[in-house]
Amino acid sequence: MGERAGTARPRLPMTMEQALVLGGGGVAGIAWMTGLLAGLADVGQDVTMGTDLVIGTSAGANVAAQLGSGLSLEGLFARQVDPDLQSREIMAEVDWAKVAQLQPYADAARTPAERRRRFGEFALSAHTVPESERRAVIESRLPSPDWPMTATRLTAVDCVCGEPAVFDDSSGVALVDAVAASCAVPGVWPPVTIGGRRYMDGGVRSRDNADLAAGAARVTVISPLGLNSPVPTPTPLADVLTALKDRGAAVTLISPDEASKAAIGRNSLDPATRGPAATAGRLQGRAGLPPAF
């Protein structure tokens, strides 16, 4: 590859009537979004049907890839709640002392790009499990290694230059590598090597990257972290949704209700949250779509 993988503008769908945005939120977020989608389908509001574009970031990249695997929502839900079907996960070990040292350093950055580069330095220097071990986990999550038929964009960030990357089926990147890069949380999981570059979590740019849905007439954003994310972001989700709405899009935001928040708990990286989060998400989905933003 002569240029950084994924940096070229992805091919757009011929029409952009409906976009589905799936945000970050750990293994609990994967489970909750899967349950939510299944619950919406239970009441005749399957937002995956007729979607022209799916945008996935971190946890959302996993769900986006799974949606295109050929398995039904019922089958995907089962993979979250049935211990015999669950993917093999690694319990994350976070060096919170080192994380605490990073935030003031990142806050001193003068531009978003510099902030991303500093996160990249942190990601590259962190002690984590080997990249191959983490890749095997991501591979076990995906029912199919093939890119979805529906246009799908998965976000990541180049650790060295801090530039965002968007991978799709035209990027020449394996789906498992694109998903692994998108959810390579700095300091928790190893950056992913693609085309000689190292990539980290797309959430370093934005927790949801909903701005990539610009141009769609209807945008559904499923955000495990919601409007009041505890993790600072240069562009708050509320501002992005307002901008989409100002451009004429009908925007719907879904974030965890109180029962789902309780099921997700304080550590969204804990694999034990999968069953409770998926079940709570399904119950929330059965309540139907909320009013437009």
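The structure we're discussing is the one just above.
Criteria and thresholds
- Residues numbered from 1 in each chain as written.
- Predicted model: local features only at pLDDT ≥ 70, side-chain atom pairs only at ≥ 80, totals over all residues.
- Heavy atoms only, no water.
- Axes fitted to C-alpha atoms, helices over the stretch in contact; angles between N-to-C directions.
- Helix = DSSP H or I, 4+ residues; strand = E, 2+ residues; numbered from the N terminus.
- Left-handed = near helix turned anticlockwise from the far one by under 90°.
- Contact = heavy atoms within 4.5 Å.
- Salt bridge = Lys/Arg side-chain N within 4 Å of Asp/Glu carboxyl O.
- Buried < 20%, exposed > 50% of the residue type's maximum accessible area, 1.4 Å probe, protein only.
- Phe/Tyr/Trp six-rings, centres within 6.5 Å; stacked < 30°, edge-to-face > 60°.
- Lys NZ or Arg CZ within 6 Å of the ring centre and 35° of its normal.

Asker: Mind laying out the packing of helix α1 (residues 26-42) against helix α3 (residues 73-81), listing which residues take part and the relevant values?
Answerer: Direction vectors running N to C along α1 and α3 enclose 145°, while the axes themselves pass 9 Å from each other. The handedness of the crossing between α1 and α3 is left-handed. In contact with Ile30, Ala31, Thr34, Gly35, Leu37, Ala38 and Ala41 of α1, α3 contributes Leu73, Leu76, Phe77 and Gln80.

Asker: Describe the pattern of salt bridges, and please don't skip the residues or the numbers.
Answerer: Taken as a whole, this structure holds 13 salt bridges when the rule is applied. A salt bridge links glutamate 131 to arginine 198, with the shortest nitrogen-to-oxygen separation between them at 3.7 Å. Remark: arginine 198 occurs in strand β6 (residues 197-201) and glutamate 131 occurs in helix α6 (residues 131-141); sequence separation between them is 67 residues. With its nearest N and O atoms 2.9 Å apart, the salt bridge here joins arginine 197 to aspartate 158. Pair noted here: arginine 197 is in strand β6 and aspartate 158 is in strand β3 (residues 151-158), with a separation of 39 residues, a long-range link. Under the relative-accessibility criterion, arginine 197 is labelled partly exposed at 26%.

Asker: Can you tell me about the packing of aromatic side chains, naming the residues and giving the values?
Answerer: Inspection of the entire model under this criterion finds one aromatic pair. One Lys or Arg, arginine 134, reaches over the ring of tryptophan 189 and ends 4.1 Å from the middle of that ring. The lysine or arginine in question, arginine 282, covers the ring of phenylalanine 77, its NZ or CZ lying 4.6 Å from the ring centre.

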